[in-house]
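Chains, contacts and geometry: an overview
The chain contents come next:
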Amino acid sequence: MKEETAETISWNESVSEANHSVVTEFVFLGLSNSQELQIFLFLFFFVFYVGIVFGNLLIVVTVASDSRLHSPMYFLLANLSLIDLSLSSATAPKMIADFFSTRKVISFKGCLAQIFLVHFFGGSELVILMAMAFDRYTAICKPLRYTTIMCRHTCAGIVAAAWGAGFLHSVSQLAFAVNLPFCGPNEVDSFYCDLPRVVRLACTDTYRLDVMVIANSGVLTVCSFVLLITSYTIILMTIQRRPSDRSSKALSTLTAHITVVLLFFGPCIFIYAWPFPVKSLDKFLAVFYSVVTPLLNPIIYTLRNKDMKRAMRRLGKWNVNSGIKS
Ligand SMILES: *[C@@H]1O[C@H](CO)[C@@H](O)[C@H](O)[C@H]1NC(C)=O
C-alpha cells in the first residue's frame, strides 16, 4: 500500500516535471570569453550604441522640424530610424551591460520579451524597407502619378501596415517558443535570445521547430529580399535610359537604399534561412542588425543626402539663434 503511494507520487512528479519547464533563466555565452577582449568590446559597442541613439534621433527630429522634408521618402526614413533605434535597443543595452558580468543571465520572461521585440521591430523594418523601394519605384518609373499614389493616406497606411505586420509575425513566432518544454540545457551561444538558438535547447523534436522557424522568418526574409532586389533592378534599368544630369542624384539615393537592404538582409537570410548552421558564425552576423545597420542608416542617408545635410545645418542655426535670444 505504502509502496503504491510512493509510486503514484513519483509518477505525479514526473508528469508535472514534463508539463512545467524547469528552466527559469537562460545563460548567454556572449561574443567572447576572453577577459581582455571584454573591455575592448564594451568600449566598441558602447560608442556604437551612443551613435545609434543620437544619429537616429537626429534624423527623426530633422525630418519632423523641417517642412521641406515633409515628403513620403523622408517620412519613411524617419520611421525607419525609429524602428532601427528600437531594434537595437532590444538587444544592445543588455549586451553592453553583460560585458562586465562573468555569468550573463536573462530570465525566461526576459528571453521571450527579447524574441518578441526583435521579431516585432525586424518585421516592421522589413515592411518599411519595401515601402521605401516602392516609393522610389513610383517616383522614378511613374513620376506623373507619384503624388496621387504616394498621398498622405498611403503613407499612413504603409506605416500602420508595418507595425501590424511586425506584430503578427512576432506573435506567430513567439507562439512556438512560449509552450516549449525546457528541461535542462539553458546556455544560449549568443548575446541575446535568438529564436533558432533558443528553440534548439528545448527537450523535444527540435527538427520540426527548426522547420517552423525557417518557414516563417526564413521564407519572409528571402521573399522580401527577392522582391526588393527585383524592384531596385527595374528602377536602375529605368534610370539608365535617362539623360545623366537628373539621374545622378537618383542614383546616389538608390545606392544608399540598396546598401542598407544588402546589409540588413544578408545576415537575416543567413540566420533564418540558411539550412546548414555554421557554429558560432550566426552570432557574429547578428551583430550586424543589432548595432551595425542601425548605425549605418543615419550615416548613409545623411552623408549622401544634400537635402538632409542642409536641413540639419538649418536646425543647428535655429537652435543657436534661439539659445542666444533666450
Ligand atoms: C512615420 O510616417 C507617418 C506617415 O507618413 C508620419 O506621419 C510620421 O510622422 C512618421 N514618423 C516619424 C517618427 O517620423
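Note that the structure is a prediction, hence the values are computed from the model and not measured.

1. Points about the state of the cysteines
Applying the stated criterion to the full structure yields two disulfides. Linked covalently through their sulfurs, Cys 111 and Cys 193 form a disulfide whose S-S length is 2.0 Å. Around the S-S axis, the bridge from Cys 111 to Cys 193 shows a dihedral of about -115° and counts as left-handed. Within this pair, whereas Cys 111 is found in helix 4 (residues 108–141), its partner Cys 193 is found in the loop between strand 3 (187–188) and helix 7 (195–199), the two being separated by 82 residues in sequence. The pair Cys 111 / Cys 193 is uniform in exposure class, with both members buried. Cysteines bonded in the chain are numbered consecutively along the chain; their disulfide partners then correspond to 1-3, 2-4. Just so you know, Cys 151 is unpaired, no disulfide at all, and the nearest cysteine sulfur is the one on Cys 155, 7.7 Å from it. Overall, the relative accessible area of 25% leaves Cys 151 in the partly exposed class.

2. Focus: the pattern of salt bridges
Between side chains of opposite charge, pairing is possible as soon as their charged atoms come close. Scanning the model with the defined rule gives six salt bridges in all. Two residues, Arg 314 and Asp 66, come together in a salt bridge whose shortest N-O distance is 2.8 Å. Highlighted residues: Arg 314 in helix 11 (residues 306–325) and Asp 66 in the loop between helix 2 (35–65) and helix 3 (72–98), separated in sequence by 248 residues. Between Asp 98 and Lys 94 there is a salt bridge, with its nearest N and O atoms 3.2 Å apart. Of this pair, Asp 98 and Lys 94 are both found in helix 3, four residues apart, which corresponds to roughly one turn of the helix. Taken together, the shared-partner salt bridges in this structure form one network comprising Asp 66, Arg 68 and Arg 314.

3. Digging into helix 8 (residues 206–240)
Think of an α-helix as 3.6 residues a turn; residues three or four steps apart then line up on the same face. With 35 residues, helix 8 should cover 51 Å at 1.5 Å per step; its first-to-last C-alpha distance of 49 Å lies within 8% of that length. Roughly 30° is the biggest bend found in helix 8, and it falls at Gly 218. With a side-chain oxygen lying 3.2 Å from the backbone nitrogen of Tyr 207, the N-terminal cap of helix 8 falls on Asp 205.

Cut-offs and rules
Residues numbered from 1 in each chain as written. Predicted model: local features only at pLDDT ≥ 70, side-chain atom pairs only at ≥ 80, totals over all residues. Heavy atoms only, no water. Disulfide = S-S within 2.5 Å. Helix = DSSP H or I, 4+ residues; strand = E, 2+ residues; numbered from the N terminus. Buried < 20%, exposed > 50% of the residue type's maximum accessible area, 1.4 Å probe, protein only. Salt bridge = Lys/Arg side-chain N within 4 Å of Asp/Glu carboxyl O. Expected span 1.5 Å × (residues − 1). Bend = angle between axes of the 7 residues up to and from the residue. Polar contact = N/O pair within 3.5 Å; in protein donor to acceptor, adjacent residues only side chain to side chain.

Treat this as a map of the structure, not an account of what it does.
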